[in-house]
Amino acid sequence: MSFLTLDLNLLRVFDAVMTEQNLTRAASRLAMTQPAVSNAVKRLRDALGDELLIRTAHGVKPTARAESLWPAVRRALSDLEEAVAPRSFELAKANATFRMAMADATAGLLLPPLVRVIEKEAPGIDIRMVPLTTREPRPLLLRGDIDLAIGFFPGVVAQLQGATETPIRHERLFAGKYVCVMRKAHPLANKELSLESYCHANHLLVSFSGRARGLVDDALLSLNKERRILLTVNQFFTAGKVVAHSDLIMVLPRHLIEATGMTEALVAKELPFPMPEVHIDMLWHERDARSPGHQWLREQLRNSGSLTAFVQS
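Residues numbered from 1 in each chain as written. Predicted model: local features only at pLDDT ≥ 70, side-chain atom pairs only at ≥ 80, totals over all residues. Heavy atoms only, no water.

This part is about the environment of L91. For L91, the location among the structural elements is in the loop between α4 (64-84) and β3 (96-102). Note: C-alpha distance between L91 and G293 (202 residues apart in sequence) is 8.2 Å. The residues touching L91, leaving out its near neighbours within four places in the chain, are E121, A122 and W296. (Helix = DSSP H or I, 4+ residues; strand = E, 2+ residues; numbered from the N terminus. Contact = heavy atoms within 4.5 Å.)

Counted under the stated rule, the structure contains 17 salt bridges. In this structure, D7 and R43 form a salt bridge, with 3.2 Å as the shortest nitrogen-oxygen distance. Placement of the pair is D7 in the segment before α1 (9-20) and R43 in helix α3 (residues 34-48), with a sequence separation of 36 residues. As a salt-bridge pair, R302 and E171 come within 2.4 Å of each other at their nearest N and O atoms. One end of the pair, R302, is in helix α11 (residues 292-312); the other, E171, is in strand β6 (residues 168-176), and 131 residues separate them in sequence. Overall, the relative accessible area of 24% leaves R302 in the partly exposed class. Through salt bridges with shared partners, one network takes in E20, R25 and R29. (Salt bridge = Lys/Arg side-chain N within 4 Å of Asp/Glu carboxyl O. Buried < 20%, exposed > 50% of the residue type's maximum accessible area, 1.4 Å probe, protein only.)

It is at 8 Å that the axes of helix α2 (residues 23-30) and α3 come closest, and there the two elements cross at 105°. The angle between the axes of α2 and α3 places the two elements in the roughly perpendicular class. Taken together, the residues of α3 that come into contact with α2 (itself represented by L23, T24, A27 and L30) are Q34, V37, S38 and V41. Broken down by class, the residue content of the contact of α2 with α3 amounts to five nonpolar, three polar and no charged. (Axes fitted to C-alpha atoms, helices over the stretch in contact; angles between N-to-C directions. Parallel < 35°, antiparallel > 145°, perpendicular 65-115°, else oblique. Nonpolar A, V, L, I, M, F, W, Y, C, P; charged D, E, K, R; others polar.)

This brings us to the sheet that holds strand β7 (residues 178-183). Pairing is mixed across the open sheet formed by five strands, whose spatial order is β9-β8-β10-β7-β11. Whereas interior strands pair on both sides, the edge strands pair on one side only; in this sheet they are β9 (228-233) and β11 (266-269). Averaged over all pairs of adjacent strands, the angle between strand axes in this sheet comes to 35°, irrespective of strand direction. Where β7 and β11 come together, four bridges link them in antiparallel fashion. Bridge assignment links M182 to a residue of β11, and that residue is V267. Those strands touched by helix α10 (residues 236-244) are β7, β8 (202-206), β9, β10 (249-253) and β11, and its axis lies near 165° from that of β8. (Pairing = 2+ DSSP bridges.)

So, on to the environment of M129. Secondary-structure assignment places M129 in strand β4 (residues 125-130). Overall, the relative accessible area of 34% leaves M129 in the partly exposed class. Distance from M129 to A189, taken between C-alpha atoms, is 36 Å for residues 60 residues apart in sequence. Discounting chain neighbours no more than four positions away, the residues touching M129 are M100, M102, A107 and L111.

The next subject is the side chain of D15. Position of D15 relative to the elements: it lies in helix α1. According to the relative accessible area criterion, D15 is buried, its value standing at 9%. D15 has contacts with W70, V73, R74 and L77, leaving out every residue within four places of it along the chain.

Taken in spatial order, the five strands line up as β4-β3-β5-β12-β6 in an open sheet, and their pairing is mixed. Lying at the two open borders of the sheet, with one neighbouring strand each, are β4 and β6. Averaged over all adjacent pairs, the angle separating strand axes in this sheet is 20°, with direction ignored. By the bridge criterion, six bridges tie β3 to β4 in an arrangement that is parallel. Bridge assignment links A101 to a residue of β4, and that residue is V130. Across the sheet, helix α5 (residues 104-121) lies against β3, β4, β5 (148-151), β6 and β12 (278-285), angled at about 160° from β3, the strand it touches most. Packing of helix α7 (residues 154-161) onto the sheet brings it into contact with β6 and β12, and relative to β6 it is tilted by some 125°.

For α5, spanning 18 residues, the distance from its first C-alpha to its last is 25 Å, which sits close to the expected 26 Å at 1.5 Å a residue. The largest bend along α5 reaches roughly 35° and is located at L111, with the proline P112 sitting one to four residues downstream. Along α5, the residues classified as buried are A105, T106, A107, L109, L110, L111, P113, L114, V117 and I118. (Expected span 1.5 Å × (residues − 1). Bend = angle between axes of the 7 residues up to and from the residue.)

All quantities given are derived from atomic positions and should not be read as evidence of function.
What follows is the structure, encoded as structure tokens:
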């Protein structure tokens, strides 16, 4: 196959199908019929000599060749779009809706300053929050279900740092330190927290999936220790309420204590074993990297993250 004979319109279809992972949604995005999209995909398959997309019960799954090809196609299309139709963004006149996924505590820190800016300077900007129920937000970004994911994604970020070709971009907003949190009248509140007393206490774990195991348990396992997790919840606000009114203890980043709404009722103590820092990262799809509106949103969140890091330092 010669590049000179390749119909470049097929690459636009390929990009839409890769983004949506579904032929029907891709057809809607392109204002085409589904049979026309299917035919374009078939023509590209024939031209490249690869299956590219395999049908599944929920849409299509890209082959390894498609995954490796897509980032280059996406960048080329973005460059062309920018050159042919440069986009402007007037904040006061902009009308846009952004969908973001993050934990309730992180949202409690980052959204208030963002909303203040929107109220004063961007009356046409709307924000829609999507529940964050996973440490793997990339499928949401790839499907276009969200515009940004913000949170602690250690496995994902480690993979992205080692990847040369990926459509997912990331940026660290701030870092925090884990502490042990309990009610002020807890029997351990006025004592030095030892490893033994920590392990003998009953614990609460904030778990998006409901799985009763976390990074703390991995750290304890390395010391041949374990703890009893009496309760898992999926919101930091709920966690704060429960811990403030019980003898359960929990581990969470120090900067998230305020977001529980129970700061006055809680006390934080140093952990009796080492834990790595918790990093809050912002993830987005390459297709939005040059969007002026998306760039503005990332800058606002970057500023909010810097403020959070300053306040908690």
